[in-house]
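What follows is each chain in one-letter form.
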Amino acid sequence: MDILVVLEDSQGSLHRLSKEAIVGAQQLGGSIAALAIGDNASEISNVLSSYDISEIITVEDELVSTYNADGYTEVVKQVIEKESPKIIVAGHTYQTRDFMPRVSAHLNIPFIPDIVSLSDKGFVKQVLNAKLNATISSNREQIILSFQSAAFNEENIQSGSCSSRYFDVILDASMIRSTSEKPFQESLGDVDLESAELLVSIGRGIEKEENIPLAFDLAEVLGAEVSASRPVVDSGWVDSFRQVGSSGCNVAPKLYFSLGISGAIQHVVGMKGAKNILAINKDKDAPIFEIADYAVIGDILEIIPKLIESLKNQ
Amino acid sequence: MKIAVLIKQVPGSESALPLNDKQTWVDESSVTYVMNPPDNFALEEALLIQEKVDDVEVVVVSMGPARVQKVIREGLAKGADRGIHLEENEEVETDPLSIAKKFSDVLKEENFDLIFSGLQSDDTGMGQTGVLIGEILGMSTATLAIETKLEKDQIKIKRELESGWFQWVTLPFPASISIQSGLNTPRYPSLKGIMGAKKKEIKSVLQELNTDQSQNIDNIFVPQTSKQTEIIETDADAAVDRIIEILKSEIKVF
Ligand SMILES: Cc1cc2nc3c(=O)[nH]c(=O)nc-3n(C[C@H](O)[C@H](O)[C@H](O)COP(=O)(O)OP(=O)(O)OC[C@H]3O[C@@H](n4cnc5c(N)ncnc54)[C@H](O)[C@@H]3O)c2cc1C
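This is a predicted model, so every value here is computed, not measured. (Residues numbered from 1 in each chain as written. Chains lettered and ligands numbered in written order. Predicted model: local features only at pLDDT ≥ 70, side-chain atom pairs only at ≥ 80, totals over all residues. Heavy atoms only, no water.)

Residue and element names in this part refer to chain A. With the rule as written, the count across this model stands at five aromatic pairs over all chains. Between phenylalanine 147 and phenylalanine 152, the aromatic rings sit 4.9 Å apart at their centres with planes inclined by 80°, giving edge-to-face as the arrangement. Judged by relative accessible area, which is 2%, phenylalanine 147 ranks as buried. Given the relative accessible area of 7%, phenylalanine 152 is considered buried. Clustering of aromatic rings is evident, with ring pairs tying together Tyr67, Tyr72 and Phe99. (Phe/Tyr/Trp six-rings, centres within 6.5 Å; stacked < 30°, edge-to-face > 60°. Buried < 20%, exposed > 50% of the residue type's maximum accessible area, 1.4 Å probe, protein only.)

Below is the structure:
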């Protein structure tokens, strides 16, 4: 096999980024095998049976019935050692961030993470807070890659058929050094951001807690809800259920009014489905402007109060 | 107990980022540097443990050219006991495996019980160095901690998963853990701390450039936008007028 795609089980179904990783693998070209691990491995492999890949490898063992980093590392390591793929790919998810560096360390295979596109010279990755892109290459015979959300479109998956087989792993309990408890979800707020039509969203550009009422005032005159980037939540300025992004919620409003948000990928994945993105930022090179429909270059602390005044007069 | 905190010096979020002549990285001479923000949270977490538990030594460790001594001093001023500087001369390495091996060589003899690192750096964003080092040194490892609880011979951490999910994981010592931003409020150094930091030890270990990088940044460039964006760059009053027009006639919010 040329490429091994390590799949992710997202509560019983195939993770969206795993599908995108298969598209990435198809674009890299060569024979592709996909690896499904755990209790849901056979259900996940059923989803894949209509894709154009060579085969699905499933691993089931009680020590990896659900995700734990030590167990997964060992499984992926054994599959790589036995099958010698040239390229190992996965979606750049939290889980990949967690176990892939371990695989890299154990097998001494470089891990190039968070790739946004392929170029003929190498792999393109965002650097310096997404203000610049870098082309990265490796002279090694084996490499590990992870693809950023939306690097590839799952609709471009090529269909076909593939076979499936079990892979026997040799695991024993001593390999699992840490104890992982069952995942849980923290209590949700009383506002449903995910179905909000209009969102006024604030970032670190709001500068201090005293300025937060500005956002709520603007939201009130517009009939919108307030959402925020992570640093605003981390500072304790708004409740955590208002956070948009990879560790918060996914929103798709008619208007996403972004105020003083830079547009980091972990934020953007949660809001790029918005129908209209209107962004104010004082930095004309802020990455948020790359996805905005309207880019206002200016100071929110100057513009918002005037905007509230004018809206009240409408 | 000994805790190492890995700290990187990175361009600040407001820094100018002109490309260097070869277009392989930014022109270092025009950059203003800061402590990588996630590392600041990692340092704070170690200092909080030091305040709560007897006999904890906190050591800040950074790799880079002479300029990185500034963030090591900053760590010392906040309360770390000593510093280790893996000093690079000419080119700054970006290959995580090579960097991790260098850290491991230097940290091996120190036998740290815990290594804390920020979950990723704001410059290259590789997000793996802390885990690589831990694995090379045979430690237990975990990522994305947003809460830590020290127990006897082990540490319990709350890990952040996707979309508001969490998980508790218990790791036996020694452990290398990457820390997610926001789990504490990093302190500012006091004047006394700043004065005291001048007397604290920073051990420098000169690094030779590894010419066999397992991955390499060949060039950097400004990303192209794909979307049609209307750019509104005028004074605040005109901007407000245009925004109201957009809300009313184009997005039809009211
Ligand atoms: C694993 C992981 C998960 C993450 N999950 C999330 C998540 O779910 N959600 C999330 O949002 N982030 C998340 N992050 C953090 C993310 O990477 C960014 O750090 C964060 O989104 C930045 O928030 P910000 O844009 O508010 O702040 P900054 O990046 O600091 O940007 C502030 C912006 O405000 C502008 N500004 C400053 N003052 C003014 C002014 N007066 N007027 C106008 N503009 C001004 C600046 O030019 C700048 O662009 C995550 C990171 C990681 C690594």
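With that settled, consider the domain arrangement of chain A. All names here are of chain A. Entries for chain A in the domain assignment read domain 1 (3-175) and domain 2 (193-313). A straight line from the C-alpha centre of domain 1 to that of domain 2 covers 34 Å. On the side of domain 2, ten residues touch domain 1, which itself brings nine residues to the contact. On the domain 1 side of the contact with domain 2, Tyr94, Ala130 and Lys131 bury the most area, a combined 51% of that side's loss. At the boundary of domain 1 with domain 2, the tally comes to one salt bridge. Residues aspartate 283 and lysine 131 are paired through a salt bridge, measuring 3.6 Å at the closest nitrogen-oxygen approach. (Domains from an automatic or database assignment. Contact = heavy atoms within 4.5 Å. Buried area = accessible area lost by both parts, 1.4 Å probe. Salt bridge = Lys/Arg side-chain N within 4 Å of Asp/Glu carboxyl O.)

Moving on: the environment of Thr143(B). Mapped onto the elements, Thr143(B) comes out in strand S7 (residues 140-151). Along the chain, Thr143(B) and Ser178(B) lie 35 residues apart, while their C-alpha atoms are 4.6 Å from each other. Ignoring any residue separated from it by four or fewer positions in sequence, one finds Thr143(B) in contact with Arg97(A), Asp98(A), Val131(B), Arg159(B) and Ser178(B). Within the structure, the side chain of Thr143(B) is placed 2.5 Å from the side chain of Asp98(A), a separation counted as a polar contact. (Helix = DSSP H or I, 4+ residues; strand = E, 2+ residues; numbered from the N terminus. Polar contact = N/O pair within 3.5 Å; in protein donor to acceptor, adjacent residues only side chain to side chain.)

Tallying the contact residues gives 82 residues for chain B and 77 residues for chain A. Between chain B and chain A the total buried area reaches about 7,000 Å² when both faces are included, carbon and sulfur atoms providing 54% of it. By the criterion of area lost to chain A, the three top residues of chain B are Glu162(B), Trp165(B) and Ile251(B), representing 9% of everything that side buries. Here Lys156(B) makes a salt bridge to Glu181(A), at a shortest N to O gap of 3.4 Å. At the boundary of chain B with chain A, the tally comes to 43 residue pairs in polar contact (both at pLDDT 80 or more). Contributing elements (two or more residues each) for the side of chain B that touches chain A: helix H3 (96-107), helix H4 (129-136), S7, strand S8 (154-160), strand S9 (165-172), strand S12 (216-221), strand S13 (230-232) and helix H6 (236-250) of chain B.

All names here are of chain B. Within the secondary structure, isoleucine 179 is located in strand S10 (residues 175-179). For the pair formed by isoleucine 179 and isoleucine 7, sequence separation is 172 residues and the distance between their alpha carbons is 12 Å. The contacts of isoleucine 179, once residues within four sequence positions are left out, are Pro38, Phe41, Ala42, Glu45, Phe116, Ser117, Gly118, Leu119, Ala145 and Thr148.

Right, let's get into the sheet that holds strand S8 (residues 122-127) of chain A. Here we have ten strands laid out as an open sheet, ordered S11(A)-S5(A)-S4(A)-S1(A)-S6(A)-S10(A)-S7(A)-S8(A)-S9(A)-S12(B), and mixed in their pairing. A strand with exactly one partner marks an edge of an open sheet, and here the two such strands are strand S11 (163-166) of chain A together with S12 of chain B. Across the sheet, the axes of successive neighbouring strands diverge by a mean angle of 35°, strand direction being ignored. When S8(A) meets strand S9 (residues 132-137) of chain A, the two strands line up antiparallel, connected through five bridges. Of the residues in S9(A), the one forming a bridge with Val124(A) is Thr135(A). Running at roughly 145° to strand S6 (residues 87-91) of chain A, helix H1 (residues 16-28) of chain A makes contact with strand S1 (3-6), strand S4 (32-37), S6, strand S7 (111-119), S8 and strand S10 (143-147) of chain A of the sheet. Taken strand by strand, helix H2 (residues 41-48) of chain A contacts S4 and strand S5 (55-59) of chain A, and its axis lies near 170° from that of S5(A). (Pairing = 2+ DSSP bridges. Axes fitted to C-alpha atoms, helices over the stretch in contact; angles between N-to-C directions.)

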